[in-house]
Amino acid sequence: MDPVFLVEALPAGDRAVLDGEEARHAATVRRIRPGERLVLTDGRGGGARCVVDSVQAGRDASLGLRVEESWFEPAPELRVIVAQALAKGDRGELAVELATEAGVDEIVPWRAARSVAKWEDGPRGDKALARWRSTARAAAKQARRTWLPPVTEPVTTKQLAALAGEVDRALVLEAEAGVRLADAGLPAAGSLLLVVGPEGGIGPEELTVLSDAGARPVRLGQTVLRTSTAAAVALGALGALTPRWP
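Note that residues are indexed from 1 along each chain, following the sequence as it is written. Where totals are concerned, whole chains, interfaces and linings use all residues; where local detail is concerned, this predicted model gives features only for residues with pLDDT of at least 70, and gives and counts side-chain atom pairs only at 80 or more. As a convention, hydrogens and water are excluded, and side-chain values are obtained from all of the structure's heavy atoms.

Draft legend 1. Molecular detail of the domain arrangement of the protein chain. Where a domain begins and ends is set by an automatic assignment or by a domain database. Domain boundaries in the protein chain define domain 1 (4-72) and domain 2 (78-241). Measuring from the centre of the C-alpha atoms in domain 1 to the corresponding centre in domain 2 gives 32 Å. In this complex, domain 1 contributes 13 residues to the contact, which on the side of domain 2 involves seven residues. Buried area: the accessible surface (1.4 Å probe) lost by two parts on joining, summed over both. Carbon and sulfur atoms supply 58% of the area that domain 1 and domain 2 bury against each other, a total of about 840 Å² over both sides. If you sort the residues of domain 1 by the area they bury against domain 2, V4, L6 and G43 come out on top, with a joint share of 54%. Between Lys or Arg on one side and Asp or Glu on the other, a salt bridge is scored when a side-chain nitrogen of the former is within 4 Å of a carboxyl oxygen of the latter. Joining domain 1 to domain 2, the criterion identifies one salt bridge. E22 is the partner of K141 in a salt bridge, and the nearest nitrogen-oxygen pair spans 2.8 Å. Residue contributions to the side of domain 1 that touches domain 2 peak at three residues, all from strand 1 (residues 4-6). Residues are treated as being in contact if the distance between any of their heavy atoms lies within 4.5 Å. Secondary structure follows DSSP: runs of H or I at least 4 residues long count as helices, runs of E at least 2 residues long count as strands, and numbering of each begins at the N terminus.

Draft legend 2. Seen up close, the packing of aromatic side chains. Two aromatic rings from Phe, Tyr or Trp, using only the six-membered ring of Trp, form a pair when their centres are within 6.5 Å; if the ring planes differ by under 30 degrees the pair is stacked, by over 60 it is edge-to-face, and anything between is tilted. A full pass over the atoms with the stated rule returns two aromatic pairs. The interplanar angle of 70 degrees and the centroid separation of 6.1 Å between the aromatic rings of F72 and W147 together place this pair among those described as edge-to-face. Of this pair, F72 sits in strand 5 (residues 62-72) while W147 sits in the loop between helix 3 (123-142) and helix 4 (157-166), and the two are 75 residues apart along the sequence. Think of it in three bands: residues with accessible area under 20% of the maximum for their type are buried, residues over 50% are exposed, and the middle band is partly exposed, with areas taken using a 1.4 Å probe on protein chains only. By relative accessible area, which is 53% here, F72 ends up exposed. Geometrically, the ring pair formed by W119 and W132 is edge-to-face, given 4.9 Å between the ring centres and 75 degrees between the ring planes. Taken together, the residues span a long stretch of sequence, with W119 in the loop between strand 7 (106-110) and helix 3 and W132 in helix 3 at a distance of 13 residues. The two residues W119 and W132 agree in class, both being buried.

Draft legend 3. Summary view of the packing of helix 4 against helix 5 (residues 204-212). Helix axes are fitted to C-alpha atoms over the stretch in contact, other axes to C-alpha atoms as well, and angles between N-to-C directions run from 0 to 180 degrees. It is at 8 Å that the axes of helix 4 and helix 5 come closest, and there the two elements cross at 30 degrees. Between helix 4 and helix 5, the angle falls in the class roughly parallel. As for how helix 4 packs across helix 5, the hand of that crossing is right-handed. Contacts from T157, L160 and A161 in helix 4 reach E206, V209 and L210 in helix 5. When describing relative orientation, an angle under 35 degrees is termed roughly parallel and one over 145 degrees roughly antiparallel, while 65 to 115 degrees is termed roughly perpendicular and anything else oblique. Each crossing is labelled by how the near helix is turned from the far one, with a counterclockwise turn of less than a right angle marking it left-handed and a clockwise turn marking it right-handed.

Draft legend 4. Molecular detail of the environment of G92. Looking at where G92 falls in the secondary structure, it is placed in helix 2 (residues 91-101). Filtering out sequence-adjacent residues up to four positions away, G92 remains in contact with A87 and W132.

Draft legend 5. Main features of the sheet that holds strand 8 (residues 169-173). Strand pairing is assigned whenever DSSP detects at least two bridges linking the two strands. The five strands lie next to each other as 7-6-9-8-10, forming an open sheet whose pairing is parallel. Taken across any chain shown, the strands that pair with only one partner, and hence form the sheet edges, are strand 7 and strand 10 (216-218). If you compare each strand with its neighbour and ignore which way they point, the axes differ by 25 degrees on average. Across five bridges, strand 6 (residues 78-85) lies against strand 7 in parallel orientation. Counterpart to V82 in the pairing with strand 7 is I107. Each of strand 6, strand 7, strand 8 and strand 9 (190-196) touches helix 4; the most contacted strand, strand 9, lies at about 150 degrees to it.

Draft legend 6. View of the sheet that holds strand 4 (residues 46-56). On the basis of which strands lie adjacent, the open sheet formed by five strands has the order 1-3-4-5-2 and mixed pairing. Only two strands of the sheet have a single neighbouring strand rather than two, namely strand 1 and strand 2 (15-19). Between one strand and the next, the sheet's axes are offset by a mean angle of 40 degrees, whatever the strand orientation. Note: strand 1 against strand 3 (residues 37-41), three bridges, orientation parallel.

Draft legend 7. Up close: the pattern of salt bridges. One pass over the full model with this rule turns up 13 salt bridges. Note that R44 is salt-bridged to D42, the shortest N-O span being 3.9 Å. The class of R44 is partly exposed, set by a relative accessible area of 45%. Residue class for D42 comes out buried when judged on its relative accessible area of 15%. Members of the salt-bridge network, linked through shared partners, are D2, R49 and E69.

Encoded structure:
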């Protein structure tokens, strides 16, 4: 399959040049050569399939491209936002990777009370956020997505509750909830917030705050999933239970 590269804007005509980090990756890592094809996407639904005419490797790498076709993929009518609790080690990045591959439309890092990882304001927090955004970018390309899910600034529980009050539907994944996700009355369109707690679970006070804001606790099944896999599994279920998967 043709590899995917992210660009700021798609070419307006039938010629284009791929440069910068994406070109270095294409020429050095992927070893793309003239005559091969690749796909450009702007991360906002647009795509362009191109034939490589020329390759310049090295520090100032660039690829000369001829555009064969361009298209636009509409965003899903049901937009799913995942609020992912901060997780220790690389589990947070794994959660972002899997959720992106499963089709999430936006990721909101959540500073849950029981999160072991702490993103303090300043350079360390900025670096952690940059890793999540880089992971989402790489996963979107791997999954051949034309939509790149944004990763927002981290939020507190109070801010998350405010977001729950703004969306059309908000669900909290909770292993002990009495209602299954499949029985939660899922909407076919609009915005859906899916809250995923940390390794230690969502605290009772947080659950009360979110519930008071309109979020409904639901469970996926009888097993307990890791915080790194819960969102991806839920997104798969939502794809089958709603029109998100045509």
